[in-house]
Amino acid sequence: MKEEGAIRTSVKDPALVKQRRELIVTEAVRLFLTKGYHNTTTKEIAEACGMSAGSLYQYISTKEDILHLAVQERKKYSEIVRQYVDEISEQDPVEGVRTLIWKSIHNLDDESYRDRSLFINHELANFPPEDRQEVRDCLTRDIAAIEDLIRRGVERGVFRARHPFLVACQIAMVEREWLVQGWLLGKRFSAEEYIKACTDSVLDQLMVEGPGYRVAGTGAGVAELDKAPTGARTEQGVGKASP
């Protein structure tokens, strides 16, 4: 797997390299989603970035380098997810699960992040083998961290999960389903309604007991999940579903 620092550049200013590469990836991915990766030329990418083709090649060597950079961003996001799970692992497990689901949808508020995630999902099969594997490894690590959070909740007597791994997979897939299947889900749910429904479903599987939550299999109570997690902001229409 080629690291970001291994991509050739003739520019000596690291901050400028980072800024320009972020611009290149953002504009390139927008074009890839519209025209397709193979039908987009580096000349078109340079024009979208407001630079010449020569200037573009000061920051990347090939169009494939853009794929490497996009995967590096996915890797950084995965590290943030695992760091967050570690931080909340000793706190309220229910609040932790709620916040993970809330964050996974609100990450899509960032148009650049949303486009990159959609592009990776659509085109992963066409990525170089090492990049494909890195994306899969990121997802595997994310799920393992979430599964560990669930198991800690079981140990503390908060959760009673029969299949922690499967529930962890469901949580990890919440964002992808809204991103990829949003054209269908958006007909039934707003973003906040989708967050509520997914959280409700996950807590059912974890058989959470207590005020405001259903106990899986009993039908008792109604989950009070309308509010965003503690300290989080709530906005209608965020995390746009894919068209």
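Everything numeric in this text was worked out from a predicted model, so none of it was measured.

A. Molecular detail of the pattern of salt bridges. Applying the stated criterion across every chain, the model contains 13 salt bridges. The partner of Glu73 in a salt bridge is Lys76, with the nearest N and O atoms 3.5 Å apart. Here Glu73 pairs with Lys76, and both are found in helix 4 (residues 64-88), just three residues apart, close to one helical turn. Overall, Lys76 belongs to the partly exposed group, its relative accessible area being 34%. Several salt bridges converge on common partners, so that one network encompasses Glu73, Lys76 and Arg116.

B. Spatial organisation of the packing of aromatic side chains. Within this structure, the stated rule accounts for six aromatic pairs. Residues Tyr77 and Tyr113 carry aromatic rings whose centres are separated by 5.2 Å and whose planes lie at 55° to one another, so their mutual orientation is tilted. On the criterion of sequence distance, the pair formed by Tyr77 in helix 4 and Tyr113 in helix 6 (residues 111-123) is long-range, its members being 36 residues apart. Of the two residues, Tyr77 and Tyr113, both sit in the buried class. One aromatic cluster is present, built from ring pairs that chain together Phe32, Tyr37, Phe119 and Phe127.

C. Looking closely at the side chain of Glu147. When you line up the elements, Glu147 lands in helix 7 (residues 129-155). Setting aside anything within four residues of it in sequence, one finds Glu147 in contact with Pro164, Phe165 and Ala168.

D. Summary view of the nonpolar core. Core analysis: the biggest nonpolar cluster contains 39 residues, and Val97, Ile101, Ile150, Ile171 and Leu206 have the highest contact counts within it. Elements with a minimum of two residues in this core: helix 4, helix 5 (93-106), helix 6, helix 7, helix 8 (164-180) and helix 10 (191-205). Per element, the largest residue contribution to this core is nine residues, and it comes from helix 8. Counting residues in hydrophobic clusters, the runner-up holds 27 residues, among them Val29, Cys49, Leu56 and Leu124.

E. A look at the packing of helix 5 against helix 10. The contact between helix 5 and helix 10 brings their axes to 10 Å, and the two run at 145°. Note that helix 5 runs across helix 10; the crossing there is right-handed. Judged by residue contacts, Val94, Val97, Arg98, Ile101, Trp102, Ile105 and His106 of helix 5 engage Ala191, Glu192, Tyr194, Ile195, Cys198, Thr199, Val202 and Leu203 from helix 10. Looking at side-chain class alone, the contact of helix 5 with helix 10 contains eleven nonpolar, two polar and two charged residues.

Definitions and cut-offs
Residues numbered from 1 in each chain as written. Predicted model: local features only at pLDDT ≥ 70, side-chain atom pairs only at ≥ 80, totals over all residues. Heavy atoms only, no water. Salt bridge = Lys/Arg side-chain N within 4 Å of Asp/Glu carboxyl O. Helix = DSSP H or I, 4+ residues; strand = E, 2+ residues; numbered from the N terminus. Buried < 20%, exposed > 50% of the residue type's maximum accessible area, 1.4 Å probe, protein only. Phe/Tyr/Trp six-rings, centres within 6.5 Å; stacked < 30°, edge-to-face > 60°. Contact = heavy atoms within 4.5 Å. Core = buried A, V, L, I, M, F, W, Y, C linked by side-chain atoms within 4.5 Å. Axes fitted to C-alpha atoms, helices over the stretch in contact; angles between N-to-C directions. Left-handed = near helix turned anticlockwise from the far one by under 90°. Nonpolar A, V, L, I, M, F, W, Y, C, P; charged D, E, K, R; others polar.

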